[in-house]
Every structure is written in C-alpha cells, then in structure tokens.
Amino acid sequence: MKNVGLTVCGNRYEIKLEDDFADFVNNDLQEAGVNLYTDNKPDKLLKAYLRLAKQATSYEKEIELLIETIDGL
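Just so we're clear, the structure is a prediction, and the values are computed from it rather than from any experiment. Each chain carries its own residue numbering, running from 1 in the written order of its sequence. Two thresholds apply to this predicted model, a pLDDT of at least 70 for residue-level local features and 80 or more for giving and counting side-chain atom pairs, whereas whole-chain, interface and lining totals are computed over all residues. Excluded from the side-chain calculations are hydrogens and water; all other atoms, namely the structure's heavy atoms, are used.

A word on the overall build of the protein
The way it works is that DSSP assigns letters per residue, a run of H or I at least four long becomes a helix, a run of E at least two long becomes a strand, and they are numbered from the N terminus. If you tally the helices and strands in the protein, you get two helices and three strands. Each helix and strand of the protein, ordered N terminal to C terminal, gives the series β-β-α-β-α. The size measure is the radius of gyration over C-alpha atoms, and the globule rule it meets is 2.2 Å times the number of residues to the 0.38 power. Here the protein has a C-alpha radius of gyration of 16 Å; the compact-globule value for 73 residues is 11 Å, and the former is much larger. Its C-alpha atoms give the protein principal-axis dimensions of roughly 55 × 30 × 15 Å. Buried residues are those whose accessible area, probed at 1.4 Å on protein chains only, stays under 20% of the maximum for their type, while exposed residues exceed 50% and partly exposed ones sit between those limits. Counting across all 73 residues of the protein, residues that qualify as buried make up 21%. Sequence-distant contacts in the protein: of pairs separated by 6 or more residues, those separated by 24 or more amount to 32%. Working definition of accessibility: Shrake-Rupley area with a 1.4 Å probe, residue cover restricted to the visible protein chains. Approximately 5800 Å² of the protein is accessible, and the part contributed by carbon and sulfur atoms is 58%. Only four residue types enter the charge count: Lys and Arg as positive, Asp and Glu as negative, with His and the chain ends excluded. Lys charges are placed at NZ, Arg charges at CZ, Asp charges at CG and Glu charges at CD. Across the protein, the 9 positively charged side chains and the 14 negatively charged ones have centroids separated by 11 Å. Whether two residues touch is decided by their heavy atoms; if any such pair falls within 4.5 Å, the residues are in contact.

Now the structure itself:
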C-alpha cells in the first residue's frame, strides 16, 4: 500500500491505495497538471477527472466495437 496525497485549497488529503494503482493515480494526476506537493485549485482536479472520464468513454466505445466485430464473425 502507498499513500497518494494532494492539497486542495489549503487542505491536505491522503489516501492509501494498492501500489500499482497508487503509481497510476500519481502519474495521471501529474500528467493532468495537478501538483502533488503544493496547493491546487479545484479546477485542476475537475480537469483531471474530465480527462479520465473522456478516456474511459473512449475505451467503452472501443470495447463495444470489438464486441460487435466478434459477434459478427
């Protein structure tokens, strides 16, 4: 287990996650422009969330297309 922590509007939040998932979350937050060691504005977190939501939607559509392709064989 690893800690993932970030500060938003002066409040520090830390949660424990499985090692691989914690690494993924830390990397994704950093790629989205969220700083893990200094204060962040809420809009940065919202943008990070929306980025992941868009990515998840894209994956869902790809999975549906693959299933349709397989069903058509």
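The structure having been displayed, the exposition proceeds.
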